[in-house]
Amino acid sequence: MTASKDKEEISTYKTQPAEILAIRDLTDDTRYFKLRCKDITMNKDFQYRPGQFVIFSLPGVGEATFSLSSTPTRRDFIEFGIRKVGSFTEALFKLKKGDTIDIRGPYGDGFEMEDLRGRDLIIVSGGLGAVPLRSVLLYIEDRREEYNKVFFLNGARSPKDMLYKRDFIAMNQRQIIDTHLAVDEDDTGEWPYNVGFVTQLIPKLGELIDSENTTAIICGPPIMYKFVIQELLKLNIPKDQILMTLERRMKCGQGHCGHCAVGGRYTCLEGPVFTYYDVQHIKELI
Amino acid sequence: MSKEKFPEFVELIKNKGKLFGPVKQKEKYSYEEIKDYSELDFDFQRTIISPKKFITPAKYTTLRFVKFGQTEVLPDDEPQIVMGVHPCDIHAIKILDRLFLGNIKDPYYAKRRENLIIIGHSCLPDDKCVCQSTGTDMVEDGFDLFLTELDDFYLLWVGSDKGLGIAIEAENLLEENVSEEEIQEYVRWQQERSSMFTTSIPSYKYLADIIHLNYDSEVWEQFGEKCLSCGTCSLVCPTCNCFHVDDKIMMNAEEGIRERMLDSCTLPYYSMVAGNHDFRPDRTARLKLYYTHKLKEYIGRWGQPSCVGCGRCIAYCPVDINVITVSNALFEEVCETQEVCDQ
């Protein structure tokens, strides 16, 4: 499913300017950025799939890779959820609405949403993993009739750490996607949803899905994969139907700089979406 | 071409652009700019840095920016000619070409490669050359011209249109007809050269499987313990091409450059992502990446490993971790557990 397709030729590192349309805080250290390419034709040509990523460039600071958090079904802008963890994001957080940032991409092999038509879907995210999977979720909401049952399980450390909390609560209320939100610990005492690890929600889905016809999509902190995959395998979901998106250090996004190699694969070209079947023997995976 | 005519031939080549060739410096050789024929010295096995320095230099600027605006910096158009490139290094350039000039072309590499004329030169092996094992001891393409040095004359191979152009220009220095005797002399030389190799990599053909079987072997830990994480192996390896990108701001805080520089997977933080999660925090994991990627994973991707047997890691690793010691150790490990040594 995620076998790499013939890639279009990307021949330069040329960036294009994009304007920041909106910024808002998602959590204490994570912000939502909404961008639009300044060149209108470029903006129209910016085709992408959920799971792909973009490289931002701030001259003087450097370049960094960010997952697209918006859906290609909604045109004219792209969205990101970005956590302040280093020097690049520190500089990025100083930008304001109306400022310009240079971007290049999209890169990577994302989710083939067309291939998932008619299937049951279990989407599991933890922490920052909600960023790329929000793209998948919004895509599905916009084309809900194309998919069978869809479950979304999202975990965060505590209510205040949940990214896109507003969006996801609204999603829960819309009931277009069967949404389950969990926090490891409820320090507010007012969390109306699940408390506990997101993995604990998986076994309950066993009776609701047709495992042969189910695809699971996972993204979260490295530690999460192992446990979530264990639970999914217990539900008899085929190994090649467990899709995961991986994070790696990247410099070029074009399969040249070498940093993102996992086994013999370059995450930037053949990933970041991999099937569990493809990578199950790669020991340094997580 | 007779040997007397060689200086004149070099003179002719020098008109084509900036000429580089092997120069002896304190017992070591290096490709340096050649001003005069006398500087050239072809009696060598390997230079410290391979000709990769002409196509992916150790450090170069890719972007220049001021407060408002930026310009991409592409390499100069000036042709560069490098003489004295051995078959192993030509194979290495072919490997780099496949990576950088595949369906995603690197603009900086492409420009430098386009402007590079490669003039190969025959060589004789020493005890560190393992190119016979890796099947890269001879070369049929990937050069513009190739000179085989025999006792009294050179045999000249033409490998490209550019090479042909030079050959046509040098018409009066070359002899078109090669006699049967000269061919015989070449064949004798070739056979003699082939018998001169003293070092080989055991079961090179099966190395990918051997590495696979040894994924969890303690051998890696032992090498990891020894490894200094200095990155010398990547610096001297003719096929190591990983790079790092860094921005620099000038003192006036108004302008700066983006630089690309060689990186090595054996260096710390190579696989660290934002938030300080390091996927390969220890030397063992990084060293394993170096050798599995080079000797095994390249086969899956390109059909051949990316070691060309030049012997640089053997000559320069300060703690003797090289393609020979690693493959020997892994091979012995397999022998201990499986009955594959009998072959």
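Residues numbered from 1 in each chain as written. Chains lettered and ligands numbered in written order. Predicted model: local features only at pLDDT ≥ 70, side-chain atom pairs only at ≥ 80, totals over all residues.

Here we come to the interface of chain A and chain B. At the junction of the two partners, chain A supplies 30 residues and chain B supplies 39 residues. For the side of chain A that touches chain B, the residue count by class is eight nonpolar, twelve polar and ten charged. (Contact = placed C-beta atoms within 7 Å. Nonpolar A, V, L, I, M, F, W, Y, C, P; charged D, E, K, R; others polar.)

Turning next to the sheet that holds strand E3 (residues 59–65) of chain B. Whether parallel or antiparallel, the strands of a sheet pair through hydrogen bonds between backbone atoms. Residues and elements named next belong to chain B. In space, the four strands of this open sheet follow the order E4-E3-E10-E9, with antiparallel pairing throughout. Each having just a single partner strand, strand E4 (70–72) and strand E9 (243–249) make up the two edges of the open sheet. Taken pair by pair, the neighbouring strands of this sheet meet at an average axis angle of 30°, ignoring direction. As paired elements, E9 and strand E10 (residues 256–262) share seven bridges and run antiparallel to each other. Bridge assignment links Phe243 to a residue of E10, and that residue is Leu262. (Pairing = 2+ DSSP bridges. Helix = DSSP H or I, 4+ residues; strand = E, 2+ residues; numbered from the N terminus. Axes fitted to C-alpha atoms, helices over the stretch in contact; angles between N-to-C directions.)

All names here are of chain A. The domain architecture assigned to chain A consists of domain 1 (16–107), domain 2 (113–244) and domain 3 (246–277 + 282–286). Here domain 2 and domain 3 have C-alpha centroids that lie 23 Å from each other. If you look at the interface, domain 2 gives nine residues, while domain 3 gives seven residues. Within the residue set of the side of domain 2 that touches domain 3, elements represented by two or more residues are helix H5 (222–234) and strand E12 (242–245). Of the residues forming the side of domain 2 that touches domain 3, the biggest block, four residues, is contributed by H5. Residues belonging to the side of domain 2 that touches domain 3 are distributed by class as follows: six nonpolar, no polar and three charged. (Domains from an automatic or database assignment.)

All names here are of chain A. Read across the sheet, six strands follow the order E4-E3-E6-E1-E2-E5 without closing on themselves; strand pairing throughout is antiparallel. Single-partner strands in this sheet number two, and they are strand E4 (62–67) and strand E5 (78–83). When the angles between neighbouring strand axes are averaged without regard to direction, this sheet yields 40°. Sheet topology places strand E3 (residues 53–58) next to strand E6 (residues 100–107); four bridges connect them, and they run antiparallel. Along E6, the bridge assignment pairs Phe56 with Ile103.

Turning our attention to unusual backbone geometry. Residues and elements named next belong to chain A. At the junction of Gly105 and Pro106, the peptide bond is cis and its omega measures out at 0° in the coordinates. Of note, Pro106 is situated in strand E6. Within the chain, Asp76 stands out as a residue other than glycine whose phi angle is a positive 80°. Inspection of the secondary structure assignment puts Asp76 in the loop between E4 and E5. For Asp76, a count of 12 C-beta atoms within 10 Å translates into the label exposed. (Buried ≥ 20, exposed ≤ 12 C-beta atoms within 10 Å, placed from the backbone.)

Ranked by internal contacts, the top residues of the largest apolar core, which has 146 residues, are Ile123 of chain A together with Ile119 of chain B. Apart from residues no more than four positions distant in its own chain, Ile123 of chain A is found in contact with Leu133, Val136, Leu137, Phe151, Phe152 and Ile217 of chain A. (Core = buried A, V, L, I, M, F, W, Y, C linked by C-beta atoms within 7 Å.)

Across chain A, the average pLDDT comes to 85, with 94% of residues at or above 70. Contacts for the low-pLDDT stretch residues 1–11 of chain A, under 50 throughout, to residues beyond four places or in other chains number 21 contacts. (pLDDT = per-residue confidence, 0-100.)

Within E4 of chain A, five of the six residues are buried, leaving the element largely enclosed by the surrounding structure. The turn linking E3 of chain A back onto E4 of chain A is made up of three residues, and Gly60 of chain A within it adopts a positive phi angle of 100°.

It is worth spelling out H5 of chain A at this point. Residues and elements named next belong to chain A. Residues of H5 that are buried include every one of Met224, Tyr225, Val228, Ile229, Glu231 and Leu232, and no others. Projected down its long axis, H5 carries its buried residues within an arc of 165°, all on one side. Away from the buried face of H5 by more than 90 degrees, exposed residues Ile223, Lys226, Gln230 and Lys234 are located. Contact partners of the buried residues in H5: strand E7 (120–126), strand E11 (214–219), E12 and helix H7 (276–279). Two residues or fewer past H5, Asn236 is found with a positive phi of approximately 65°. (Arc of directions from axis to C-beta.)

Below, the discussion takes up the pairing of E10 of chain B. Residue and element names in this part refer to chain B. As judged from the six bridges shared by E3 and E10, these two strands associate in the antiparallel manner. In the sheet register, Tyr60 faces E10, and the bridge partner there is Arg260. Linking two consecutive strands that pair antiparallel, namely E9 and E10, is a turn of six residues; a positive phi of about 60° is found at Ala253 within it.

Residues and elements named next belong to chain B. Three or more residues of helix H4 (residues 107–114) are buried, namely Tyr108, Arg112 and Arg113. Down the axis, H4 shows its buried residues gathered within 125° of arc, on one side only. Its buried side turned inward, H4 meets helix H2 (52–55), E3, helix H3 (87–100) and strand E6 (116–121).

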